[in-house]
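Residues per chain, in single letters:
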2 protein chains.
Amino acid sequence: MTGDQPAAHPAWLPDKAFRTVGSRHVLVCADGPLAQTVAQEVAHAAEQHGGSLHHRPAGQAAPHPDGDNAEDGSGTEAHGGTSNGSGAAGEPRFDLVLALTGADDLPEAAAMVLAELDWRSGRGMLGAEGFALGRRDGVTVVLADEPAGLLHGLFQVVRLGETAFGATQPIEVHHPVTARRMLNHWDNIDAHPVMGQVERGYSGGSIFWRDGGLTPDLGRVRAYARLLASIGVNAVTVNNVNVHATEARLLTDRLGDVAALAEVLRPYGIRTHLSVNFNSPVALGGLPTADPLDDGVRAWWADTTRQVYAAIPDFGGYVVKADSEGQPGPFGYGRTHADGANTLAAALEPFGGVVHWRAFVYNHTQDWRDRSTDRARAAYDHFAPLDGQFAGNVILQVKYGPIDFQTREPVSPVIAAMPGTRLAVELQVTQEYTGQQRHVCYLGPLWHEVLAFEPWGDGRTVAAVAAGRGADNGPTGFEGGLVAVSNVGDDPFWTGHPLAQANLYAFGRLAWNPHLDPAAVLDEWIDLTFAPAATADPGLLRQTLHEVMDGSWQTYESYTAPLGVGFMVRPGSHYGPDVDGYEYTPWGTYHFADRDGIGVDRSRATGTGFTGQYPQPWAQVYESADSCPDELLLFFHHVPYTHVLHSGKTVVQHIYDTHFEGADRVARMRSRWAGLAGLVAPDLDARVRERLDEQSRCAQEWRDQINTYFYRKSGIPDAHGRRIH
Amino acid sequence: MTGDQPAAHPAWLPDKAFRTVGSRHVLVCADGPLAQTVAQEVAHAAEQHGGSLHHRPAGQAAPHPDGDNAEDGSGTEAHGGTSNGSGAAGEPRFDLVLALTGADDLPEAAAMVLAELDWRSGRGMLGAEGFALGRRDGVTVVLADEPAGLLHGLFQVVRLGETAFGATQPIEVHHPVTARRMLNHWDNIDAHPVMGQVERGYSGGSIFWRDGGLTPDLGRVRAYARLLASIGVNAVTVNNVNVHATEARLLTDRLGDVAALAEVLRPYGIRTHLSVNFNSPVALGGLPTADPLDDGVRAWWADTTRQVYAAIPDFGGYVVKADSEGQPGPFGYGRTHADGANTLAAALEPFGGVVHWRAFVYNHTQDWRDRSTDRARAAYDHFAPLDGQFAGNVILQVKYGPIDFQTREPVSPVIAAMPGTRLAVELQVTQEYTGQQRHVCYLGPLWHEVLAFEPWGDGRTVAAVAAGRGADNGPTGFEGGLVAVSNVGDDPFWTGHPLAQANLYAFGRLAWNPHLDPAAVLDEWIDLTFAPAATADPGLLRQTLHEVMDGSWQTYESYTAPLGVGFMVRPGSHYGPDVDGYEYTPWGTYHFADRDGIGVDRSRATGTGFTGQYPQPWAQVYESADSCPDELLLFFHHVPYTHVLHSGKTVVQHIYDTHFEGADRVARMRSRWAGLAGLVAPDLDARVRERLDEQSRCAQEWRDQINTYFYRKSGIPDAHGRRIH
């Protein structure tokens, strides 16, 4: 699937993962580019594994028994092996049918499934991307209202493997929880002097851009689109939210490059979005102002957007980082963020596009001496008052925590504060603060916890808010989405650390269905990626990967910043420990450790009042150090080192214990992985070993720096007398 | 004097500084390029100020009374103003005679001076660069054995101003204390991705290199050479001691660029040296090894060096940073540094060249947990055992302190440990750790203190060791030199901060004569640079500059790392405070602060034993916290915060007091400077104000971070109740 570059690792879509589909006789009844993609997938699998593809438009009659008439008209047929696809005389015998609900002349099994569906809730309920999956009469059937649903259904069949072809299955209907499941790429066209080509990228260069322009390797982009389609991601931004000079021009004279990427992404059901610079009317348009209420500015956005849609009719919309970390924004013109977002939204509205407007707005030139300013408060303080003022096609994109993608943060109170605004929750697949793809850190459990968090404690989850679901699970009219920062680059393994592929996989799967168990998602990923059944000791491989990955987020947390206090990383790179690295900086990220205690008092009673941004019950739970969950204690409270946690340990002993245990756990991960020798490909094995070596070194460094720092500061010895420096 | 670029600031050689010489009638009796430089200086001054130049070769008869015959032969004559240069009938009347001692037919006054000199010690005593200066019979006379001496003498007359033309003066003989007074440029041809074009440069780009090659602005190089000649610097390396790939080739296929620079530097008495990469035989020569004892390697160096001298007959030699911070060296081949240095020395020896071999060798991948390894020990441990093993044309170049150019360090014990080795002492004019030319930090007092330090407490100074002088001040046969890292760049003011020009000036003057009082050197610099006599309020300007600059080193020390402990700077940039920035790094630069105390125990009794590298009396003085000087206490000892200094204050109160006072002093410097409005050029004034603003901000940041850090750690409040955060 790749172009002029050495073949990239197939990630979770190796040919062998398609064995169960590829060895079957498959009928695809659907038209259009996405249906073509489905057919191509089946055809390629059939070539590898001896099955066959029969593809006919939804409106075409059934193929002739001998299959020859599939060659007529627009129908196509592919045979893999020696067997033919015909079953009983007079009708071909298919093992798998993927058909649009509107297709004519459905095979019997498919018609049975459709009848059941109709009986349940009526045709058309599957929507733009949903599908129904069932098995009747020895035939596995995928039905969808639209071709995108068939594509998702095909990959579901691939995931299920032989299970999809076993006993008769009840009909399952699959819908994505939210219509918008997006990846943001922080890719620059020109390598940034400090941030490089991919900002916070740990996987080589960009897959979209190379040598100052569009990549010549569109095959790699196509392979990426296929991976995304298989996990249900349906939107991508192709450039960094920090939009530098060259990248700003993607909106105008470099628009052709965006169109070329959209061309590749489209057949996989992925819409292309663009990060734009709020200052574009000045920088690109030559206007004297970018004031969003200026008529000329509004006209410029309208005109420019019209040209974008002329080139890319299914263009998704804009992503905007405004008034944030040096990026321009409406504050520069005395306007609100609603003013800013709505101007861009008005330009996109006639074409069905949306603005993703980031809520990551805070003072990044804070004075560390000023304890009254609290960065955690910033997004709420800026945006909650604007609830209800945003246009219908504005989606406010909110980072899941109030600070910045730390290993452990409370859920952002903004998510509960804006019922009249469409909210997208932003996660970070790229491991900026979670080991930078040198450390194993499977993030599925973190995201699952975030998405399942109940801001009101009443069953409504974060995922429900993003999906625009209210207390009764009914639509609120404010559907947002789930967004994540991608972790891929032109690295042969896509993600630097091969096991970090699982994070990309898990994001897509959890964005589709947040109720999935992260360990089960990991199992899917293992089965697809390694096809353990094909290895000498499938149990060992699966068990080892679970042991290495399941708890790796908590392991990472255990040897880094303790109890939710965050940061303590090297400034700039954000890799490795530096306890005081951010303590005296303008970034608003402090721990306030002194000889007596540590933590940030964010209570209403004595601190910054941040706990007051939460609804009940959390406003009360977080307010008191007694009720605050241990893992967030230092995020919300400044306590003595001798404070006793719910665990029964003192804070300082907890720090010592978790850091010794964390480093030990990494050592065990490394030795567990070593036991896989010969069960995984040598290049992948070598890469993982190299990373585990570094993780082990780095975990020890964290352990020793953190423990030494707190021992020097507190003077309290480890209860177990272990070596602290 | 500059070429195609905007004129650089004249630094301490503005035309007006030449008024007293330029308004006189001057005779120059000498031949050769340096004599030509002397004549050009006089001629230019005469043009500006109305005097005249009469120049004749040393072997030519006196000019005819009307001066016309100066036009004959090789003699030249220049008139500036309306007066002519003739005095009594039959002989021109000169105010200033600069003549070689071997010149024929000296004017009467010069002959009188020469006779006195002969009487004192015989002709030829002035040496290669010395000169005699006296005034007899109303004529000021400079005599020298060699033209370089005349050049130095001319600039001495310029410095003296009218004093040189006052009453009859006793004859003074001026010699440089050491024959080698060198500046190292850490300039790269290609900008380094991290370090930029000038490593640790704070003054813009390189004056030697631009756009990947030789600068087209050789006029700027010429202006620099003139500045250096005026302060007695006679050697320059034109590239960084960290020799990257492009710069390595200056030794071979880019040698022409070096020759072009040598061509410009030569008429100012400056020899060109080159930093070379120890690995050159491999990287440039294609040899399989750079083993210094390999015959092929030795032949490669010999042959390469022969070609260097073919292009640059007066080439000075090589500077080598080997086995240091990642640079290759003899350790890679199991050889000693004597083996390495001697191989290069053998190649240079036939041509009179020298190797400056840097002693800055230490483990830069140290484990911070290991308190037994002490970076301060490294240079001594590596080099002292090699004393006596270096070839006669190897000069071991030793940083003045055992760590790395900190604001306060003890003098390196290596300087007292190698009596059988030529030692050059390396200073740092570029303000890497002393404010980076954003802070006023006049370094004359620091260098004066270092050069006057008596390693054996017996009158022999560091300067004497560098000069190869023994206990009786007699020659030891091991003359080294004084070297400094330059602070200039292509900045219009040469040095970023205009007042940092004084550091370059002071280095040259102190290298020539370490006995000079730094405040007197500053007076020279003020008189030349600002010609205060010409300003409306000369007293105010001089007084203000002294107030701002005299104590600025101690001021800088007072608000940065306390009591000799060093570092506490931001890693990488080395600018601004970060108390723990280097505490857990591999660099060997730690302070070991805990809740009880701070400092590095380098005693023999309980510490790393570093004090034992010193001879008496210092081995004993430094060994005890009681006798150790306050300003070095934390360099040598780990003490409680409550330890009482000789000053009567506790360590922690000293920290608070000096930091509050230091920031206050900077505020006063700023307001003092503001009082000069109108007395200095507007562009210079603006630049200094901008830098003082930053210094003030940064000093407050240092104050607050340091005080907060120690308050949080010690819990001891400020005795005066000032605000600590």
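How each quantity is defined
Residues numbered from 1 in each chain as written. Chains lettered and ligands numbered in written order. Predicted model: local features only at pLDDT ≥ 70, side-chain atom pairs only at ≥ 80, totals over all residues. Heavy atoms only, no water. Helix = DSSP H or I, 4+ residues; strand = E, 2+ residues; numbered from the N terminus. Contact = heavy atoms within 4.5 Å. Lys, Arg positive; Asp, Glu negative; His and termini not counted. Charge placed at Lys NZ, Arg CZ, Asp CG, Glu CD. Axes fitted to C-alpha atoms, helices over the stretch in contact; angles between N-to-C directions. Parallel < 35°, antiparallel > 145°, perpendicular 65-115°, else oblique. Nonpolar A, V, L, I, M, F, W, Y, C, P; charged D, E, K, R; others polar. Least-squares fit on C-alpha atoms with pLDDT ≥ 70 in both. Buried area = accessible area lost by both parts, 1.4 Å probe. Salt bridge = Lys/Arg side-chain N within 4 Å of Asp/Glu carboxyl O. pLDDT = per-residue confidence, 0-100. UniProt positions renumbered as here; feature names shortened; annotations may be inferred. Buried < 20%, exposed > 50% of the residue type's maximum accessible area, 1.4 Å probe, protein only. Domains from an automatic or database assignment. Polar contact = N/O pair within 3.5 Å; in protein donor to acceptor, adjacent residues only side chain to side chain. Pairing = 2+ DSSP bridges.

S.K.: Would you mind showing me how to read the overall build of chain A here?
M.R.: Each helix and strand counted, chain A has 21 helices and 21 strands in total. With respect to the three principal axes, the spread of C-alpha positions in chain A is 85 × 65 × 50 Å. Taking as baseline every contact in chain A between residues at least 6 positions apart, the subset at least 24 positions apart corresponds to 71%. Between the centroid of the 56 positive side chains of chain A and the centroid of its 86 negative side chains there is a distance of 5 Å.

S.K.: Just checking my understanding: could you explain the packing of helix α5 (residues 218-231) of chain B against helix α14 (residues 501-512) of chain B for this structure?
M.R.: All names here are of chain B. Interaxial distance between α5 and α14 falls to 8 Å at its minimum, and their mutual angle equals 45°. Between α5 and α14, the angle is such that the two are oblique. Across the interface between the two elements, Tyr224, Leu228 and Ile231 of α5 pack against Leu504, Tyr505, Gly508 and Arg509 of α14. When its residues are assigned to classes, the contact of α5 with α14 shows 5 nonpolar, 1 polar and 1 charged.

S.K.: Could you clarify how one ought to interpret the relation of the copies chain A and chain B in this entry?
M.R.: Between the two copies of the chain lies a rotation about an axis combined with a shift along it. For the match of chain A to chain B, the screw axis carries a shift of 0.0 Å, the RMSD comes to 0.0 Å, and the turn is 180°. What the rotation and shift describe, once combined, is the action of a two-fold rotation axis. In this assembly, 100% of the residues forming the interface of chain A have copies in chain B that are likewise at the interface, indicating an isologous arrangement.

S.K.: What exactly am I supposed to notice about the interface of chain A and chain B here?
M.R.: By convention, interface size is frequently given as the accessible area that disappears when the constituent parts associate. Between chain A and chain B, the residue contacts involve 27 residues of the former and 27 residues of the latter. Across the chain A to chain B interface the summed buried area is about 2400 Å²; carbon plus sulfur atoms make up 43%. Summed over the three residues of chain A that lose the most area to chain B, namely Tyr584, Arg595 and Arg712 of chain A, the buried surface amounts to 34% of that side. Connecting chain A to chain B are 6 salt bridges. Here Asp704 of chain A and Arg369 of chain B are joined by a salt bridge, their closest N and O atoms 2.4 Å apart. Residue composition of the side of chain A that touches chain B, by class: 6 nonpolar, 8 polar and 13 charged.

S.K.: How do you make sense of the confidence of the model for chain A when you look at a structure like this?
M.R.: Interpretation of the predicted coordinates at a detailed level should be avoided for regions scoring low in pLDDT. All names here are of chain A. On average, residues of chain A score 93 in pLDDT, and 94% of them reach the 70 mark or higher. Contacts from residues 64-74, a stretch scored under 50 in pLDDT, to residues over four places away or in other chains number 15 contacts. On the interface metric, ipTM, the complex scores 0.87, and its pTM is 0.91.

S.K.: I keep staring at the UniProt feature "active site" (unreviewed entry) in chain A and nothing clicks. Help me out?
M.R.: Residues and elements named next belong to chain A. In the numbering used here, UniProt assigns the feature "active site" (unreviewed entry) to Glu325, Asp404 and Glu432. You can see Glu325 is positioned in the loop between β15 (317-320) and α10 (337-348). Here Glu325 falls in the partly exposed class, since its relative accessible area comes to 28%. Relative to the elements of secondary structure, Asp404 occurs in the loop between β17 (394-399) and β18 (422-428). Taking relative accessible area as the criterion, Asp404 reaches 6% and is therefore assigned buried. Among all residues touching Asp404, those that are not within four sequence positions of it are Phe360, Arg375, Lys399, Glu409 and Tyr433.

S.K.: Is there a simple way to explain the domain arrangement of chain A in this structure?
M.R.: Residues and elements named next belong to chain A. Here the domain parsing of chain A yields domain 1 (15-174), domain 2 (181-530) and domain 3 (556-600 + 638-714). Computed from C-alpha atoms alone, the centre-to-centre distance between domain 2 and domain 3 is 28 Å. With both sides pooled, the region where domain 2 packs onto domain 3 buries about 2900 Å², and carbon together with sulfur makes up 61% of that total. Area buried by domain 2 at its contact with domain 3 is led by Trp368, Arg438 and His439, which between them contribute 23% of it. Taken together, the connections running from domain 2 to domain 3 amount to 3 salt bridges. With a closest N to O distance of 4.0 Å, Arg438 and Glu694 form a salt bridge. At the surface where domain 2 touches domain 3, the tally comes to 16 residue pairs in polar contact (both at pLDDT 80 or more). Residues belonging to the side of domain 2 that touches domain 3 are distributed by class as follows: 11 nonpolar, 13 polar and 9 charged.

S.K.: Honestly, the sheet that holds strand β18 (residues 422-428) of chain B in this entry has me stumped. Any pointers?
M.R.: Hydrogen bonding along the main chain pairs the strands of a sheet, whether they run parallel or antiparallel. All names here are of chain B. The strand order around the closed barrel formed by 8 strands is β8-β13-β14-β15-β16-β17-β18-β19, and the pairing between neighbours is parallel. Between one strand and the next, the sheet's axes are offset by a mean angle of 25°, whatever the strand orientation. Summarising the sheet, strand β13 (residues 235-237) and strand β14 (residues 271-275) pair through 3 bridges and their orientation is parallel. Pairing of Val236 across the sheet is with Thr272, part of β14. Here helix α10 (residues 337-348) sits on the sheet in contact with β15 (317-320), β16 (354-358) and β17 (394-399), set at roughly 160° to β16.

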